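# Analysis of the macromolecular model
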Amino acid sequence: MVKTKRRYVCQACGSVTHRWQGQCPDCAEWNTLAEDAPATVFSLKHDLSSGGRAITFEALDAPSDPLVRLPSGLAEFDRALGGGLVPGSAILMGGDPGIGKSTLLLQTAGAVARAGASVVYVSGEEAAGQVRMRAGRLGLADAPIKLAAATGVRDILTTLGQGAPPALLIIDSIQTMHSDTIEGAPGTVSQVRGCAFELIRYAKENGVALVLVGHVTKDGSIAGPRVLEHMVDVVMSFEGERSHQYRILRALKNRFGAIDEIGVFAMAGAGLEEVANPSLLFLSGREEPLAGSAVFPALEGTRPVLVEIQALIVKLQSGATPRRAVVGWDSGRLAMLLAVLESRCGLNFSSAEVYLNVAGGYRLSDPAADLAVAAALVSALADKPLATHAVWFGEVSLAGEIRPVAHAGLRLREAAKLGFGMGYGPVEAEPDSPGLNYRGLRRLANLVDRVVAEE
Ligand code: TYD
Ligand code: MG
């Protein structure tokens with residue numbers, strides 16, 4: 001017995017309900033539920049234990065083909081991918097509008113094509129002339145890319161099927177693609193899923209490295225769909241502040257590599273430039289020692305990046321509720337650190353506004369930033385600059401102790417490489433960086449003594 005059931009899919013978040021509602025119960029968007037193709041429901045009586053074909057089981061240690069990767073032509077892209085594009089795999093490239101996804105992929109297409117592999121770039125958003133103009137600006141006008149402005153998946157696959165498959169196929173973007181076998185406008189969940197399915201199947205069958213550009217909704221997830229994230233092998237996110245120059249490429253899911261490596265780029269007049277030494281970019285012109293500024297040796301995967309943390313404390317005269325504003329760090333964590341500084345170190349922030357900023361628009365999630373944030377806060381409160389040549393790292397517990405963190409050696413080596421002569425961190429860390437003095441701090445109170453005592 002086969003029954004069918006009505007399904008309604010939210011076009012914003014992809015969640016499924018069986019009853020139409022004005023508001024999505026999951027993401028609370030209005031008027032986003034649309035009826036989807038019915039899912040087939042088998043009743044329990046249905047017998048699936050006969051009539052199928054036998055499948056073969058294989059041993060885990062059976063020999064398999066080694067993974068041969070296709071270099072993207074951009075070292076930072078390859079780094080974020082864990083070593084280059086994998087033929088027969090699909091990458092979803094997400095990012096805010098205008099962040100530079102099309103630019104990045106056109107540069108990749110140009111580099112791969114110039115290296116002799118065949119590349120097809122399909123734009124569903126821009127006319128061929130617009131893409132050509134951008135290619136001219138990027139110095140890629142003569143790169144042998146096959147360019148098309150198209151949105152019909154059937155047309156694209158029919159055309160590709162007539163020749164040898166390309167090594168790299170770029171679809172910009174999956175939300176503009178349309179399949180005539182599926183109902184609904186381009187960009188709806190069923191269209192996005194159906195088009196992606198067909199394109200991914202083509203890529204897998206023909207050993208093509210496929211890149212799908214995906215739009216990001218206002219809450220930061222890729223529009224349409226979680227389902228898309230499950231279908232592809234790699235999910236990448238291209239991030240940055242549009243008003244700042246630099247961009248970070250990060251893998252959120254990677255079936256072929258680690259997800260903790262980043263690629264760093266800077267958007268310039270002639271496209272994206274690779275940034276091999278990100279520390280220099282994030283340390284914003286530090287010359288004069290200023291109160292409220294501390295340098296934190298952050299880690300992105302195994303890559304150390306020095307970032308500057310800035311704090312500003314404004315004492316309030318009136319009894320108004322003081323503001324706490326954070327850019328680039330977690331506001332809950334700031335509240336916690338302020339509470340620890342108040343209760344364990346006797347400092348008073350209660351009648352002061354606190355502003356915290358991570359320079360360059362960088363976002364920190366590493367708990368090891370606690371000590372650097374605390375140092376910036378104490379320095380701002382005391383109005384005393386920290387030594388300019390020092391870096392700070394360590395996790396702060398609620399009891400006000402400084403806890404050990406991973407990769408202390410790596411962090412300090414990067415600092416020493418960039419000319420920092422002093423490191424403060426957990427007592428457990430044993431650095432082996434020549435040219436850098438290290439002082440372990442046991443408690444947050446030791447930090448306060450140090451800042452206040454330092455001349
Ligand atoms: P784009 O790649 O179109 O972004 P997306 O595809 O993610 O929407 O990039 C658009 C921005 O990049 C645009 O605002 C201009 C800027 N840009 C440069 O600064 N320099 C360049 O050489 C190019 C091509 C773009
Ligand atoms: Mg684009």
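Residues numbered from 1 in each chain as written. Chains lettered and ligands numbered in written order. Predicted model: local features only at pLDDT ≥ 70, side-chain atom pairs only at ≥ 80, totals over all residues. Heavy atoms only, no water.

Mapped onto the elements of the fold, Ala387 is located in the loop between helix 9 (370-382) and strand 17 (390-392). Take Ala387: its relative accessible area is 24%, and that puts it in the partly exposed class. Linking Ala387 and Leu290, residues 97 residues apart in sequence, is a C-alpha distance of 9.1 Å. (Helix = DSSP H or I, 4+ residues; strand = E, 2+ residues; numbered from the N terminus. Buried < 20%, exposed > 50% of the residue type's maximum accessible area, 1.4 Å probe, protein only.)

Strand order across the open sheet formed by nine strands is 6-5-7-8-4-9-10-11-12, with mixed pairing between neighbours. Every other strand in the sheet has two partners, leaving strand 6 (145-149) and strand 12 (271-274) as the edge strands with one partner each. Across the sheet, the axes of successive neighbouring strands diverge by a mean angle of 25 degrees, strand direction being ignored. Taken together, the six bridges between strand 4 (residues 90-95) and strand 8 (residues 209-215) define a ladder with parallel strand orientation. Following the sheet pairing, Gly94 is matched in strand 8 by Gly214. Its contacts with the sheet place helix 2 (residues 101-114) against strand 4, strand 5 (119-123), strand 6, strand 7 (168-172), strand 8, strand 9 (234-239), strand 10 (246-254), strand 11 (262-268) and strand 12, and it is angled at close to 155 degrees to strand 5. Most of the contacts of helix 3 (residues 128-137) go to strand 6, to which it runs at about 145 degrees, and overall it touches strand 5 and strand 6. (Pairing = 2+ DSSP bridges. Axes fitted to C-alpha atoms, helices over the stretch in contact; angles between N-to-C directions. Contact = heavy atoms within 4.5 Å.)

Before going further, it helps to examine the domain arrangement of the chain. According to the domain assignment, the chain consists of domain 1 (2-42), domain 2 (75-276) and domain 3 (281-453). Taken over C-alpha atoms, the centre of domain 1 sits 47 Å from the centre of domain 3. (Domains from an automatic or database assignment.)

What follows is about the pairing of strand 5. Counting buried residues in strand 5 gives five out of five residues, a clear majority hidden from the surface. Every second residue of strand 5 is oriented toward a common face, with Val119, Tyr121 and Ser123 on one face and Val120 and Val122 on the other, all of them buried. Looking at chain direction, strand 5 and strand 6 are connected through five bridges and run parallel. Each bridged residue has a counterpart across the sheet, and for Tyr121 the counterpart in strand 6 is Leu147. Tracing the backbone out of strand 5, into helix 3 and back to the parallel element strand 6 gives a crossover that is right-handed. (Right-handed = clockwise from strand over helix to strand, strands pointing away.)

Let us look at helix 2. In this model, helix 2 (14 residues) spans 20 Å end to end at C-alpha, consistent with the 20 Å of a helix rising 1.5 Å per residue. The buried fraction of helix 2 is high, at twelve of 14 residues. For helix 2, the set of buried residues is Lys101, Ser102, Thr103, Leu104, Leu105, Leu106, Gln107, Thr108, Ala109, Gly110, Val112 and Ala113. (Expected span 1.5 Å × (residues − 1).)

For the rest of this paragraph, the subject is the site of ligand 1. What surrounds ligand 1 is a group of 16 residues, the closest being Gly98, Lys101, Ser102, Thr103 and Gly271. Within the backbone of Gly98, a nitrogen or oxygen atom sits 2.7 Å from an oxygen atom of ligand 1. A distance of 3.4 Å is found between an oxygen atom of ligand 1 and a backbone nitrogen or oxygen belonging to Ile99. Contact with the protein chains removes 75% of the 560 Å² of surface that ligand 1 exposes when unbound. At the level of secondary structure, the elements contributing two or more residues to the shell around ligand 1 comprise helix 2, helix 3 and strand 11. (Near = heavy atom within 4 Å. Polar contact = N/O pair within 3.5 Å; in protein donor to acceptor, adjacent residues only side chain to side chain. Areas by Shrake-Rupley, 256 points an atom, 1.4 Å probe, with all protein chains shown as cover.)

For the peptide bond that leads from Asp172 to Ser173, omega is 5 degrees, which places it in the cis range. Positionally, Ser173 belongs in the loop between strand 7 and helix 5 (189-206). The phi dihedral of Asp383 falls on the positive side, at around 55 degrees, and the residue is not glycine. Take Asp383: it is sitting in the loop between helix 9 and strand 17. Judged by its relative accessible area of 60%, Asp383 is exposed. Of note, the phi angle at His407 is positive, near 60 degrees, even though the residue is not glycine. Relative to the helices and strands, His407 is located in the loop between strand 19 (402-403) and helix 10 (408-417).

This part covers the packing of helix 2 against helix 3. For the pair helix 2 and helix 3, the least separation of the axes is 11 Å and the interaxial angle reads 70 degrees. Taken together, the axes of helix 2 and helix 3 are roughly perpendicular relative to one another. The chirality of how helix 2 crosses helix 3 is right-handed. On helix 3, the residues touching Ser102, Thr103 and Leu106 of helix 2 are Val131, Arg134 and Ala135. Considered class by class, the residues forming the contact of helix 2 with helix 3 number three nonpolar, two polar and one charged. (Parallel < 35°, antiparallel > 145°, perpendicular 65-115°, else oblique. Left-handed = near helix turned anticlockwise from the far one by under 90°. Nonpolar A, V, L, I, M, F, W, Y, C, P; charged D, E, K, R; others polar.)

Mean pLDDT over the chain works out to 86, with 92% of the residues at or above the 70 mark. Strand 3 (residues 33-42) is the least confidently modelled element of the chain, averaging 66 in pLDDT, while strand 5 averages 96, the highest of any element. (pLDDT = per-residue confidence, 0-100.)

With 13 residues, helix 9 ought to run about 18 Å at 1.5 Å a step, and its terminal C-alpha atoms sit 18 Å apart, in line with that. When helix 9 is considered as a whole, its buried residues turn out to be Asp370, Leu371, Ala372, Val373, Ala374, Ala375, Ala376, Leu377, Val378, Ser379, Ala380 and Leu381. One or two residues past the end of helix 9 sits Asp383, with phi positive at roughly 55 degrees.

Attention shifts here to the pairing of strand 8. Within strand 8, six of the seven residues are buried, leaving the element largely enclosed by the surrounding structure. The pairing of strand 7 with strand 8 spans four bridges and is classified as parallel. Paired with Leu169 across the bridge in strand 8 is Leu210. Each parallel crossover has a hand, and for strand 7 linked through helix 5 to strand 8 it is right-handed.

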